[in-house]
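The primary structure of each chain is shown beneath.
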Amino acid sequence: MPATESQAQPPRPFTLAGVTMRELLASCAAAEAVSRPPRAPEPEAAPQERRTEHREAA
């Protein structure tokens with residue numbers, strides 16, 4: 001058995017190449033925001049109730 005195999009080395013922790021936790025969380029939040037459908041528009045007042053009086057131009 002060669003000398004290099006006789007010494008057991010501890011396993012290295014798995015790391016992503018240059019990706020910070022902040023970048024990972026930001027990318028997940030962006031993906032979630034993009035994948036959601038747009039919000040439904042809020043109901044508006046009827047056209048008669050919207051504005052009954054007109055303002056005069058200055």
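So, how was this worked out
Residues numbered from 1 in each chain as written. Predicted model: local features only at pLDDT ≥ 70, side-chain atom pairs only at ≥ 80, totals over all residues. Heavy atoms only, no water. Helix = DSSP H or I, 4+ residues; strand = E, 2+ residues; numbered from the N terminus. Buried < 20%, exposed > 50% of the residue type's maximum accessible area, 1.4 Å probe, protein only. Areas by Shrake-Rupley, 256 points an atom, 1.4 Å probe, with all protein chains shown as cover. Patch = residues over 30% accessible without salt bridge, like charges linked within 9 Å, V, L, I, M, F, W, Y side chains within 5 Å. Salt bridge = Lys/Arg side-chain N within 4 Å of Asp/Glu carboxyl O. pLDDT = per-residue confidence, 0-100.

Here we look at the overall build of the protein chain
Link 1 in the chain: Of regular secondary structure, the protein chain possesses three helices and zero strands.
Link 2 in the chain: Counting all 58 residues of the protein chain, 0% fall into the buried class.
Link 3 in the chain: Within the structure as shown, the protein chain displays about 6,600 Å² of accessible surface, and the carbon and sulfur contribution to it stands at 57%.

Description of a nonpolar patch on the surface
Link 1 in the chain: A grouping of Val-19, Met-21, Leu-24 and Leu-25 is seen on the molecular surface, where their side chains present a nonpolar patch of about 380 Å² in accessible area.
Link 2 in the chain: For Leu-25, the location among the structural elements is in helix α2 (residues 21-35).

So, the pattern of salt bridges
Link 1 in the chain: If you walk through the whole model with that rule in mind, you get one salt bridge.
Link 2 in the chain: The residue Arg-36 makes a salt bridge to Glu-32 at a minimum N-O spacing of 2.6 Å.
Link 3 in the chain: Arg-36 gets classed as exposed once you look at its relative accessible area, which sits at 54%.
Link 4 in the chain: A relative accessible area of 42% means that Glu-32 is categorised as partly exposed.

Section: the confidence of the model for the protein chain
Link 1 in the chain: With 69% of its residues at a pLDDT of at least 70, the protein chain reaches an overall mean of 77.
Link 2 in the chain: Within the protein chain, α2 carries the highest mean pLDDT (93), whereas helix α3 (residues 47-50) carries the lowest (56).

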